[in-house]
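Geometric and topological summary
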Amino acid sequence: MCIRRLFRSSHLQWAWRAAFLKHKQCGHQGPWRWTHSGGGPYRAVIFDMGGVLIPSPGKVAAEWEAQNNIPSGTILKALITGGENGPWLKFMRGEITKEDFLQEFRRLCSEISNTSVPVDNFFSLLTSEQVAKQFPVMTEAIIQIRAKGLQTAVLSNNFYLSNGKSFLPLDRKQFDVVVESCVEGVCKPDHRIYKLCLERLGLQPSESIFLDDLGQNVKAAASLGMRTVKVNDPEAAIKELETLLGFTLRTVIPNTRPVRRTMEIPKDSLEKYLKDLLGTQTTGLLELLQFDHGQSNPTYYIKLADHQLVLRKKPPGTCLPSAHAVEREFRIMKALASAGVPVPKVLDLCEDSRVIGTPFYLMEYCPGLIYKDPSLPGLEPSQRRAIYAAMNRVLCKIHSVDFKAVGLEDYGKHGDYIPRQVQTWVKQYRASETSTIPAMERLIEWLPLHLPRQERITVVHGDFRLDNLLFHPEKPEVLAVLDWELSTLGDPLSDVAYSCMAHYLPPSFPILRGLSDCDLTQLGIPTAEEYFRMYCLHMGIPPTENWNFYMAFSFFRVAAILQGVYRRSLTGQASSATAEQSGKMTEFMSNLAWEFAVKEGFRIFKEMPATKPLTRSYHTWAGPRSLPSTPGTRSYIPLPEPSSAHASKGALVISPEGLSPPVRELYQRLKQFMDQYVYPAEPELQRHQASAERWTPSPLVEDLKEKAKAKGLWNLFLPLETDPERKYGAGLTNVEYAHLCELMGMSLYAPEIFNCSAPDTGNMELLVRYGTKEQKARWLTPLLEGKARSCFAMTEPQVKSRVAFGKPLVEQGTLLADIAQSRVEIEQARLLVLKAAHLMDVVGNKAAALDIAMIKMVAPSMAYRVIDRAIQAFGAAGLSGDYPLAQFFAWARALRFADGPDEVHRAAVAKMELKNRI
């Protein structure tokens, strides 16, 4: 009303009308708006790409240089070197290829930094989906700009990729015009490319606003008469753009969007229902938006006069049995409100499907913050920890409700919650199954056999996670717990485990973002273990032992849910635009669930008495010469009990998590070094290995050796029994080193970098054990210091029937079968390696001879087979230098005679086996 009174002023009316007539006289047909800042009407917004819509190369370069110990500013200096005639601008004008650019770029970076710079790694990062992702605030702004009838355009300096396509990681449908330097052969700040963009938009310069992060580009646009915004920060730029345009570029109601076509509801009948419910005085048009959050029951924002409401309904079509029960959601929220649990205020439940097509309920809209990203970007570490603590406290509050006192005694069955849930989700999965998923089949068999023995009974939310909580905008306080569709009476630990799933998912996970690659200590976010201990402390209960079961069950349940969402997406019934992606995610989630099932199995295994280890705990049927036993049953031969000296070494450590704290810390440092230094250096090391200088030491390897020494990651291999005083190595047991060795084995170049490369390791151990003082001084010391390498040579009779390139093609299975078989063989070999190492630690090398011989026979053959399958899948590319598979294959084949031919090991195993049976 105030605005209307203001415009009744004759002066303002006159000014507004004069401006409007001038707009029409100029021939403008598009939308018009009058801005109080004195600016004229704008008909288009033109965006630069890097630095405006996606991260700039400079920002990406700065972070990459810091992570890879490259002198700061190297990349930027190389990019601007040569100006117009430099490789960067030539590349963006499409005058040189990517390969030519990288060659020249590598030379410039190396000259500037006086060190080898892996520019291929930087370029791959720059163009990766992880980095080249459009800023959400810009996506939202473009939607709002186009909704107002304005045009949008991209005017970008970019380049061609090797596939002949330009680098434009954007949805072209967002823009009316796309102008790219590499296509046009002209780069900003050349005026010609700006004029070309305006010509295609059909606009004069003054009718457009141009956003760019580089001052020279902004200056050139301004000189042509375009209104400009210098982008230093996307959020700040949007605020400036809002001022110029005179309307908001952000959705007023967070996390909402226009109603999807397949999710539309009849507004007339809904409006009539609401006016009857809210009173006859309610007037005005009904505004309807859809929340983009949630995968199951469609949820809408409604505004009618002064009322702001949320409507939650069943999805259209036929629903799975017992799913989408909005009636239960309404009931529990109404009950829990009386118990002090923060929930939205519910208003009415409508079970009459004639109103909007399905049952629904209404609740009051509660403004607040929903954190979709569990890493909580933009907050301080202390704020993040407070958010997770508040999340933990509200879960404890839910689980502390006296469900009988609030009238929920019949809300679910008492007891056997997990067995019933397993049965329910198996049925739900079977009802929506579209293909066979191996991990789901294993879980369906495994879960009922490992159910918890005891369970408490409380109200359980069933879908408790961070993005189902509404937080106060200014303090770490939960205003409302949302989405009670899966709530019931059951085991509260299922909620705790479910809320920890984000800890094990990657940040790029498309449906539920995760934290698995984040430094939680730096972020201030509690680990899953800390979060669980925090819950137990608040509830006054001891931590459960079978935590891994609850995690396996949680991921299994989500996998089943996602399968249902995917099934509905095939018929257009799913409530989220990302529902179709859930089909791919079902298998991912089920594999995670199975990993926790395996961990639970290892926990049970490690808790078994270890005083009498068995030589074989697998399928060994008794033969005619075995020890006396019942015919047709298995016979096991116990090893002698370990001495007290060996007993302290404990049980077999299957997972790195089971290592002692010092070794686990060493493992983490080694993993960090691999991620930070080794993997990024692999392309450069591969080029050196293929060059004429391959017989001379790589400067990059030598540099990485010094870094490894400085970080205490050197000579890790010498076993404690060989070097009990830790004079030469890290003093690790064989099992401890086996876990580190597995990590180093992820790269062909890593073992040499840490001075743990064969045959150096074996020769050094030989010299430590049996070398004279003179031999140690001459050979051992240089080897330990990494100043020398060793070798070995041998001859074998032509070990004629040998197949050099794997199995005949007719024996190869399908790709999926090969992948499954490879996974199984790798795991079998890995467990046998760990067992052999464990026995070497516990009973000594002599007693472990059988297992040592078996693994020497199994591991090279396994690697050989797995790599061969990979080459088959890659086709001719697998044999080229583009991939490391051919190199892997050659080494795997060499290992089959380098450590003794397979025939020798097979003979040794057979002799020892027969000796034990006679």
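We now turn to the structure provided with this report. (Residues numbered from 1 in each chain as written. Predicted model: local features only at pLDDT ≥ 70, side-chain atom pairs only at ≥ 80, totals over all residues. Heavy atoms only, no water.)

Empty space within the largest cavity amounts to approximately 360 Å³. Top contributing element to the lining of the largest cavity by residue count: strand 11 (residues 360-364), with three residues. Of the residues belonging to the lining of the largest cavity, the class tally is twelve nonpolar, six polar and three charged. (1 Å grid on protein atoms, 1.4 Å probe; cavity = no way out; pocket = protein on both sides within 12 Å on 5 of 7 lines; lining within 4 Å. Points joined across faces, edges and corners; volume = space filled by probe spheres on them. Helix = DSSP H or I, 4+ residues; strand = E, 2+ residues; numbered from the N terminus. Nonpolar A, V, L, I, M, F, W, Y, C, P; charged D, E, K, R; others polar.)

Further remarks concern helix 3 (residues 57-67). Structural remark: α-helix, 3.6 residues per turn; residues separated by three or four positions point the same way. Those residues of helix 3 lying buried are Val60, Ala61, Trp64 and Glu65. The buried side chains of helix 3 occupy one side of the element, clustering within an arc of 130° when seen end-on. Residues of helix 3 that are buried sit in contact with helix 4 (74-80) and helix 7 (119-126). Just beyond helix 3, the residue with positive phi is Asn69, at close to 55°. (Buried < 20%, exposed > 50% of the residue type's maximum accessible area, 1.4 Å probe, protein only. Arc of directions from axis to C-beta. Contact = heavy atoms within 4.5 Å.)

So, on to the pairing of strand 7 (residues 286-291). Pairing analysis gives two bridges linking strand 6 (residues 256-257) to strand 7, with the strands arranged antiparallel. Residue pairing for strand 7: Thr256 is matched across the bridge by Phe291. (Pairing = 2+ DSSP bridges.)

Attention now moves to the sheet that holds strand 5 (residues 227-230). Pairing is parallel across the open sheet formed by five strands, whose spatial order is 3-2-1-4-5. The open sheet terminates on both sides in strands that have one partner only, identified here as strand 3 (177-180) and strand 5. If you compare each strand with its neighbour and ignore which way they point, the axes differ by 20° on average. Relative to the sheet, helix 12 (residues 234-245) contacts strand 1 (44-47), strand 4 (208-212) and strand 5, its axis offset from that of strand 5 by approximately 160°. (Axes fitted to C-alpha atoms, helices over the stretch in contact; angles between N-to-C directions.)

This part takes up the side chain of Ser822. Among the structural elements, Ser822 can be located in helix 30 (residues 815-842). Among residues more than four places away in sequence, those in contact with Ser822 are Val866 and Arg869.

Okay, helix 10 (residues 191-201) next. Listed in full, the buried residues belonging to helix 10 are Ile193, Tyr194, Cys197, Leu198 and Leu201. Axial view of helix 10: buried residues confined to an arc of 135°, hence all on one face. Counted as exposed and oriented over 90 degrees from the buried face of helix 10: Arg192 and Glu199. Of the surrounding elements, those touching the buried residues of helix 10 are strand 1, strand 2 (151-156), strand 3, helix 9 (181-184), strand 4 and helix 11 (215-223). One or two positions beyond helix 10, positive phi appears at Gly202, with a value near 75°.

On to the pattern of salt bridges, then. On inspection of all chains with the given rule, the structure shows 43 salt bridges. Ionic pairing is found between Lys671 and Asp675, a salt bridge with its closest N-O pair at 3.4 Å. Placement of both Lys671 and Asp675 in helix 24 (residues 661-690) is noted, with a separation of four residues, approximately one turn of the helix. The partly exposed category is assigned to Lys671, whose relative accessible area is 36%. A salt bridge links Lys787 to Glu785; the nearest nitrogen and oxygen atoms lie 3.4 Å apart. Look at Lys787 and you get exposed, because its relative accessible area is 69%. Connected through shared salt-bridge partners, Glu702, Lys705, Glu752, Asp760 and Arg789 make up one network. (Salt bridge = Lys/Arg side-chain N within 4 Å of Asp/Glu carboxyl O.)

In this section: the sheet that holds strand 9 (residues 307-313). Read across the sheet, six strands follow the order 6-7-8-9-11-10 without closing on themselves; strand pairing throughout is antiparallel. Edge positions in the sheet fall to strand 6 and strand 10 (346-350), since each of these pairs with one other strand and no more. Pairing of strand 8 (residues 299-304) with strand 9 involves six bridges; the strand directions are antiparallel. Bridging from a neighbouring strand, Tyr301 pairs with Val310 of strand 9.

All right, on to the layout of surface pockets then. Approximately 590 Å³ is the volume attributed to the second largest pocket. Looking at the second largest pocket, it is lined by 22 residues, and the ones nearest its centre are Pro452, Arg453, Gln454, Thr544 and Asn546. Breaking the lining of the second largest pocket down by element, the ones donating at least two residues are helix 20 (528-539) and helix 22 (582-607). No other element matches helix 22, which puts three residues into the lining of the second largest pocket. The residue inventory of the lining of the second largest pocket, partitioned by class, reads eleven nonpolar, four polar and seven charged.

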